[in-house]
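Residues per chain, in single letters:
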Amino acid sequence: MLQTKIYFVEDEEKIRRSVRDFLTLKGYSVETEGNGKTAYEYLMEHVEEYDLLILDIMLPFFDGKAILKGIREISDIPVIMLTAKTGMGDQLASFDMGADDYLTKPFMLAVLEAHIQAVLRRSQKEKGSLELGKLRIDEKEQRVYVSDRPVELTRREFDVLLYLIRHSREVLSRNQILDAVWGYDFEGGIRSVDTVIKRLRAQLTHECNYIHTVYGAGYRFQVPDEDLQGSS
C-alpha cells in the first residue's frame, strides 16, 4: 500500500494530538479534524484520498454516526468508531450503519494501532490486492508485479513475501517465518528461510529492496520513504 493515510475526527485536542503523533511515529500519514460538520463536508469530496477513517461518535455540530451514514452512501472505506460510552447501543448502531470496528475510550495507543492493522488487513484481503511502493501483489491470482512488471515466484516464495508484508515493520525471526510458512512439523532448518529470502531479493531486484536483514534477529519488510512519496 502507499503510506497509509488516515483521517481522524475527534473534538478533544489532547486525544487528537496524541493519536496523530503516535501514529505518525509508527509510519502512518495522519490528518485530523475536530469539527464534525467540517469533517463531513471535506470527506464528501476527498474520502477516496484516504485508506482509513477514525471517527469519534460525540462531535460538535455533526456527530460521527451522521458522518458514517453519509460516507457509506459514497464509499466503502474502512471506518473505526470511537466513543466514551460503554453501553451496547452506540456500538450496535455503528455496526448497523457500516462501521468496521469500534473502540471505547479511554484506550491505549498500541491497542488502537492493533485495531487499525486488523481492519486494514481485512480490507486488503477483501480487495485481494496490495500495493507497497513499487510492489503490487494480487493475492487471489497469486501474482507479483514490480513497477507493473510481472515477477515469477514459487508458492513458497510468495507465501514468505506475503507473511513479511502482513507483518510490515516488524522484526521477524527465522523461526517465526519458518513456523508460519513451513509449519511446526517441518524437518528442515532455518537456513531454508535464508535461501528463500535470497531468491526473493533476486526476483524483486534493487527496485524493491524492501526486505532488510536485522543482524542477530531476523528480517523486516519496510518500504523506504522515497518509494512511499514517489507512489503518492
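Report follows, based on the coordinates.

Some points on the nonpolar core
Then comes step 1: Membership of the largest hydrophobic core comes to 31 residues, with the highest contact counts inside it found for L135, L161, I177 and F221.
Then comes step 2: Only β6 (129–132), β7 (135–138), β8 (143–146), α6 (155–166), α7 (174–182), α8 (191–204) and β11 (218–221) provide two or more residues apiece to this core.
Then comes step 3: Apart from the residues lying within four places of it in its own chain, the contact partners of I177 are V160, Y163, L164, L172, W182, V193 and Y219.
Then comes step 4: Counting residues in each nonpolar core, the second largest holds 18 residues, with Y50, I57, A99 and Y102 among its members.

Observations concerning the pairing of strand β3 (residues 52–56)
Then comes step 1: Within β3, five of the five residues are buried, which leaves the element mostly enclosed by the surrounding structure.
Then comes step 2: Going residue by residue along β3, you find L52, I54 and D56 tucked away on one face and L53 and L55 tucked away on the opposite face as well.
Then comes step 3: When strand β1 (residues 5–9) meets β3, the two strands line up parallel, connected through four bridges. Bridging across to β3, I6 finds its partner in L52.
Then comes step 4: With four bridges connecting them, β3 and strand β4 (residues 79–83) associate as parallel partners. Across the sheet, D56 pairs through a bridge with L82, a residue of β4.

Section: α7
Then comes step 1: Taken residue by residue, α7 has I177, L178, V181 and W182 as its buried positions. The arc enclosing the buried residues of α7, seen along the axis, measures out at 100 degrees, which places them on a common side.
Then comes step 2: Tucked inside the fold, the buried residues of α7 contact α6, α8 and β11.
Then comes step 3: Directly after α7, the chain includes G183, whose backbone phi takes a positive value near 105 degrees.

A short note on the environment of G188
Then comes step 1: With respect to the helices and strands, G188 occurs in the loop between α7 and α8.
Then comes step 2: Linking G188 and L178, residues 10 residues apart in sequence, is a C-alpha distance of 9.2 Å.

As for unusual backbone geometry
Then comes step 1: Following K105, the chain continues into P106 via a peptide bond in cis, with omega recorded as -10 degrees.
Then comes step 2: Take P106: it is sitting in the loop between β5 (101–104) and α5 (109–127).
Then comes step 3: With phi around 70 degrees, D148 is a residue other than glycine that occupies positive phi space.
Then comes step 4: Structurally, D148 can be placed in the loop between β8 and β9 (149–151).
Then comes step 5: Judged by its relative accessible area of 61%, D148 falls in the exposed class.
Then comes step 6: Even without being glycine, R169 reaches a positive phi, approximately 80 degrees.
Then comes step 7: Relative to the elements of secondary structure, R169 occurs in the loop between α6 and α7.

Conventions adopted
- Residues numbered from 1 in each chain as written.
- Predicted model: local features only at pLDDT ≥ 70, side-chain atom pairs only at ≥ 80, totals over all residues.
- Heavy atoms only, no water.
- Core = buried A, V, L, I, M, F, W, Y, C linked by side-chain atoms within 4.5 Å.
- Buried < 20%, exposed > 50% of the residue type's maximum accessible area, 1.4 Å probe, protein only.
- Helix = DSSP H or I, 4+ residues; strand = E, 2+ residues; numbered from the N terminus.
- Contact = heavy atoms within 4.5 Å.
- Pairing = 2+ DSSP bridges.
- Arc of directions from axis to C-beta.

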